[in-house]
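Commentary on secondary and tertiary structure
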Amino acid sequence: MPHSLPHSGGGLAPPARIGKVAFLGYGRFGAALGSLLHDAGISVRAFDPSAEIRGAARAASLPELVDGADLVLVAVPVPAVREALLALRPHLAPGQLVADVGSVKSVPASAMAEVLGEGRPWVATHPLFGPASLARGERPLRVVVCPNPTHPGAVRRVVALFERIGCQVLEQAPEEHDRVMAFTHALAFFIAKGMMDAGVPAGAPYAPPSFQGIAHTIETVRVDAGHLFAALHRENPFAGEARRRLIDALVAVDRSLDVPTKDAAPEDLAALAIPDLGALSPELRETRELIDDLDLELVGLLARRAELVQRAGRAKATIGAAVRDPVREARLMESRRRCALELGLDPDGVAEVFEVILRHSRSLQERRSAV
Ligand SMILES: O=C(O)C(=O)C[C@]1(C(=O)O)C=C[C@@H](O)C=C1
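As annotated in an unreviewed UniProt entry, the chain carries the name chorismate mutase and is attributed to Sorangium cellulosum.

Encoded structure:
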């Protein structure tokens, strides 16, 4: 699971501020990130012979790009990262940071480890937004930053930079990132591409809500950089497995749908069942089992309470007291509310539960006094 990085805290001195960022590659994503940085008051320079550079100072060469930069962001297509790093390395000054922004992480992280190694500080990152989501003003902006035990200081500086432009930073190891992305990002693109190729109408006049989410994905894929689709699959070591599993599942469903209901075998029916979340998430299944155990304990406690209530009812009957005791009930409610508050629970919610319990108590005692 990704979790927030304990960046600037933990008693460590604040990381040295990144004020000048150089983009090696300034395609649609680079330019979108560049303008975010520029708006946050960070100086942006870019080198990309094949791009029209706007909103950043254009560097005419690699030495000019790198000169004085705190951080060089390598924003070229993933298959070109290693070559770009090799070209960049001779121009880097000691202490200059390098980070990539690719949508897969194992391949660029290995390339940076190989080309930059221990000598040049490097960080692998994946901003989880693109030109389309930025144009739509989607928030929050999130970015995955991979821990790097060789260069922890570089990680802290890059994290601080992303935080300054308003990003939520998640920590994830490259392989873990790619595994998750294979089954999410890559599969979403795969499905969208399949639907496009199958001629799914993008702008149906009466798109049902079930289609709107997919239509949104198709649109995102359509406007994203063409090389991204291939890179998400070819450069992610887990994407092939994700595609196989999806295709196998779809083929099984397709076969079962072709069998008339009256002839359907149990396995056809099983293939057509929509699994609940518990079947998809071991964590959810385990949590539900724990909740089941706890609920059984709760019911056991209710049974023990009911016995005490019966006992109180008998005691009250012998002294001629009424079943309902409003003073006792008010005190009881007050103490349960206080306890709820201390435990971080909603006192009104807990009070509601006790109202139901008290109603049952009274009816239990009334039934007994009626016999
Ligand atoms: O304390 C009592 O007198 C009870 O009978 C028990 C109990 C309860 O369930 O806690 C039930 C009914 C009364 O009105 C108050 C409390």
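Taken together, 13 residues sit near the ligand, with Arg 305, Lys 316, Glu 329, Ser 361 and Gln 365 positioned nearest. With respect to the ligand, the side chain of Arg 305 contributes an N or O atom lying 2.8 Å from an oxygen atom. Glu 329 has a polar side-chain atom sitting 2.4 Å from an oxygen atom of the ligand. Burial of the ligand by the surrounding chains reaches 90%, relative to a free accessible area of 360 Å².

Omega for the bond connecting Arg 139 with Pro 140 falls within 30 degrees of zero, at 0°, which places this linkage in the cis form. You can see Pro 140 is positioned in the loop between helix 5 (131-135) and strand 8 (141-145).

Okay, the domain arrangement of the chain next. Splitting the chain by domain gives domain 1 (3-126 + 142-166), domain 2 (179-272) and domain 3 (304-370). A straight line from the C-alpha centre of domain 1 to that of domain 2 covers 33 Å. At the interface, nine residues of domain 1 touch 12 residues of domain 2. The largest share of the area that domain 1 buries against domain 2 comes from Arg 28, Ser 103 and Val 104, three residues that together contribute 47% of it. If you look at where domain 1 meets domain 2, you find zero salt bridges. At the boundary of domain 1 with domain 2, the tally comes to zero residue pairs in polar contact (both at pLDDT 80 or more).

Once that is clear, we can look at the packing of helix 7 (residues 174-197) against helix 8 (residues 209-223). Running from amino to carboxyl end, helix 7 crosses helix 8 at an angle of 95°, the nearest separation of the two axes being 9 Å. Judged on the interaxial angle alone, helix 8 and helix 7 are roughly perpendicular. Taking contact as the criterion, the partners of Ala 188, Phe 189, Ala 192, Met 195 and Met 196 in helix 7 are, on helix 8, Phe 211, Ile 214, Thr 217, Ile 218, Val 221 and Arg 222. Across the contact of helix 7 with helix 8, the residue classes tally to nine nonpolar, one polar and one charged.

Let us look at the pattern of salt bridges. Within the structure shown, the criterion is met by 12 salt bridges. Ionic pairing is found between Arg 338 and Glu 334, a salt bridge with its closest N-O pair at 3.9 Å. Of this pair, Arg 338 and Glu 334 both sit in helix 14 (residues 326-342), four residues apart, which is roughly one turn of the helix. Note on Glu 334: relative accessible area 41%, which makes it partly exposed.

On to a negative patch on the surface. Among the surface-exposed residues, Glu 283, Glu 286, Glu 289, Asp 292, Asp 293, Asp 295 and Glu 297 lie close enough to one another that they form a single negatively charged patch. Its place among the elements puts Glu 297 in helix 13 (residues 282-319).

Moving on, we get to helix 6 (residues 152-164). Counted at 1.5 Å a residue, the expected span for helix 6 with its 13 residues is 18 Å, and the 19 Å between its end C-alpha atoms agrees. Where helix 6 ends, the next residue or the one after it, Gly 166, has phi of about 85°, a positive value.

A few words on the nonpolar core. Membership of the largest hydrophobic core comes to 35 residues, with the highest contact counts inside it found for Val 21, Phe 23, Leu 33, Leu 37, Leu 71, Leu 73 and Phe 162. Looking at this core, the elements with two or more residues in it are strand 2 (20-24), helix 1 (28-39), strand 3 (43-47), strand 5 (71-74), strand 6 (97-100), strand 8, helix 6 and strand 9 (167-171). Here the element with the most residues in this core is helix 6; it accounts for six residues. The residues touching Val 21, leaving out its near neighbours within four places in the chain, are Leu 37, Ile 42, Ser 43, Val 44, Arg 45, Leu 71, Leu 73 and Leu 161.

Let us now look at the packing of aromatic side chains. How two aromatic rings sit relative to each other is given by the distance of their centres and the angle of their planes. One pass over the full model with this rule turns up two aromatic pairs. Seen from their ring centres, Phe 23 and Tyr 26 are 5.2 Å apart, and the 70° between their planes marks the pair as edge-to-face. The exposure class of Phe 23 is buried, given its relative accessible area of 0%. Residues Phe 29 and Phe 129 carry aromatic rings whose centres are separated by 6.2 Å and whose planes lie at 40° to one another, so their mutual orientation is tilted.

With that out of the way, let us pick up the pairing of strand 9. Looking down a regular strand, the side chains alternate between one sheet face and the other. Most of strand 9 is tucked away: four of the five residues are buried. Pairing analysis gives five bridges linking strand 8 to strand 9, with the strands arranged parallel. Along strand 9, the bridge assignment pairs Val 143 with Val 169.

Helix 10 (residues 239-258) packs onto helix 7 with a crossing angle of 60° between their chain directions and a minimal axis gap of 9 Å. It follows that helix 7 is oblique to helix 10 by the angle criterion. The chirality of how helix 7 crosses helix 10 is right-handed. Within the contact between the two elements, helix 7 uses Ala 182, Phe 183, Ala 186, Leu 187, Phe 190 and Ile 191 and helix 10 uses Ala 239, Glu 241, Ala 242, Arg 243, Arg 245, Leu 246 and Ile 247. Of the residues assigned to the contact of helix 7 with helix 10, the class counts are 10 nonpolar, no polar and three charged.

Attention now goes to the environment of Glu 52. Tracing the sequence through the fold places Glu 52 in the loop between strand 3 and strand 4 (57-58). Note: C-alpha distance between Glu 52 and Ala 31 (21 residues apart in sequence) is 9.6 Å. Engagement of the side chain of Glu 52 in a polar contact is seen with the side chain of Arg 54, the distance being 3.1 Å.

Rules behind the numbers
- Residues numbered from 1 in each chain as written.
- Predicted model: local features only at pLDDT ≥ 70, side-chain atom pairs only at ≥ 80, totals over all residues.
- Heavy atoms only, no water.
- Near = heavy atom within 4 Å.
- Polar contact = N/O pair within 3.5 Å; in protein donor to acceptor, adjacent residues only side chain to side chain.
- Areas by Shrake-Rupley, 256 points an atom, 1.4 Å probe, with all protein chains shown as cover.
- Helix = DSSP H or I, 4+ residues; strand = E, 2+ residues; numbered from the N terminus.
- Domains from an automatic or database assignment.
- Contact = heavy atoms within 4.5 Å.
- Buried area = accessible area lost by both parts, 1.4 Å probe.
- Salt bridge = Lys/Arg side-chain N within 4 Å of Asp/Glu carboxyl O.
- Axes fitted to C-alpha atoms, helices over the stretch in contact; angles between N-to-C directions.
- Parallel < 35°, antiparallel > 145°, perpendicular 65-115°, else oblique.
- Nonpolar A, V, L, I, M, F, W, Y, C, P; charged D, E, K, R; others polar.
- Buried < 20%, exposed > 50% of the residue type's maximum accessible area, 1.4 Å probe, protein only.
- Patch = residues over 30% accessible without salt bridge, like charges linked within 9 Å, V, L, I, M, F, W, Y side chains within 5 Å.
- Lys, Arg positive; Asp, Glu negative; His and termini not counted.
- Charge placed at Lys NZ, Arg CZ, Asp CG, Glu CD.
- Expected span 1.5 Å × (residues − 1).
- Core = buried A, V, L, I, M, F, W, Y, C linked by side-chain atoms within 4.5 Å.
- Phe/Tyr/Trp six-rings, centres within 6.5 Å; stacked < 30°, edge-to-face > 60°.
- Pairing = 2+ DSSP bridges.
- Left-handed = near helix turned anticlockwise from the far one by under 90°.

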